[in-house]
Amino acid sequence: MHDSTRRGARPRIAPAGLMFLAITSVGWGFNWPATKFLLAELPPLTLRGGTGVLGAVLLALLALVRGDSLTVARAIWPRLLLAGLLNVTGWMTLMGLALLWLPASETALIAYTMPVWASLIAWPVLGERPTVLRSIALMMAFAGLASIMGGNGFAASEAKLPGIIMALIGAAGFALGTVLLKKYPIQLPPITAATWQIGLGCLPVVLAGLVLETTHLSNVTPVGWALLVYSVVGQFCIAYVAWFAALARLPASVAAIGTMAVPVIGVVASAIALGEPLGAGQIAALIFTLAGVALATR
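The rules behind the values
Residues numbered from 1 in each chain as written. Predicted model: local features only at pLDDT ≥ 70, side-chain atom pairs only at ≥ 80, totals over all residues. Heavy atoms only, no water. Helix = DSSP H or I, 4+ residues; strand = E, 2+ residues; numbered from the N terminus. Buried < 20%, exposed > 50% of the residue type's maximum accessible area, 1.4 Å probe, protein only. Contact = heavy atoms within 4.5 Å. Areas by Shrake-Rupley, 256 points an atom, 1.4 Å probe, with all protein chains shown as cover. Core = buried A, V, L, I, M, F, W, Y, C linked by side-chain atoms within 4.5 Å.

Enquirer: Describe the overall build of the protein chain, naming the residues involved and giving the relevant values.
Expert: A tally of helices and strands in the protein chain yields 12 helices and zero strands. When its helices and strands are written in sequence order, the protein chain yields α-α-α-α-α-α-α-α-α-α-α-α. Every one of the 298 residues in the protein chain was classed for burial, and the buried ones make up 50%. Within the protein chain, residue pairs in contact and separated by at least 24 positions form 90% of the contacts whose partners lie at least 6 positions apart. Surface exposure of the protein chain reaches about 13,700 Å², of which carbon and sulfur atoms provide 71%.

Printed below as a string of structure tokens:
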């Protein structure tokens, strides 16, 4: 693998990278209430894996229409497989299973410790030494998330331990995948790279769903079908492509901290779409978290 990093050089923050990161945060954030609604109509593995595979198929068609080749050099396959495993398969599977033991709020809180692990891994692997501002930004963003997601307290008990472990492994795995993609970039057109990573990552998830779950498409309502279209197009075809584009243009630690806006957007979207509580405390935490994310980009 070719190491694309240069130790000692100050990581550059490209404006286009921030734009792509914002698109990612909005796309993934809106998917929270969409997924919450859909889980009442479809089982988790089939839902997550199936929408991902369909998204990969649409991306492949888009790549062909654009004239991008879907051919992958032999040397790139290990990177694609590892990225798909860490950033797609592991994240979706482990976070979905963690919800069997944990409330969604506690799972989300653990999941978005990902920037902590990414910042720690990026230091020895990429030479991205944490700056004072970025460390403060991380604490601000994480404190805001803790205020939103952990308002009722985070009670770790023996009964919750499997979920806690799964969510932590999923978060650390995504962080590792983020850093490795920065160190060893996948040198393919962005849509082609996203197609293969999402397809390779989601295929085992949907196969597991077909074996382990029972799906009744007749249970899906018209609203559910509309949200399925959003999950396929918004989450995978747009947000994931934007994520890979952002990662190519931003330091890994900045990109990771920026994703902490995702659950904040999800909380606001859930309040609007699903009528979930959003009081003064949540709004204050929202402002605090977004201020931390903004500080991270300086």
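Enquirer: Please set out the environment of L47 residue by residue, giving values where relevant.
Expert: Relative to the elements of secondary structure, L47 occurs in helix α2 (residues 44-66). Taking the C-alpha atoms as reference points, L47 and T35, separated by 12 residues in sequence, lie 8.5 Å from one another. Those residues within four positions of L47 in sequence are excluded, and the remaining contacts are T35, L38, L39, L42 and L228.

Enquirer: Can you tell me about the nonpolar core, naming the residues and giving the values?
Expert: I186, I198 and Y240 are the most contacted members of the largest nonpolar core, which totals 46 residues. A total of nine residues in this core trace back to one element, the largest contributor, which is helix α9 (residues 222-249). The contacts of I186, once residues within four sequence positions are left out, are I76, R79, L80, A83, L181, A193 and Q197. Counting five residues, the second largest nonpolar core, distinct from the first, contains L38, L42, V220 and L228.

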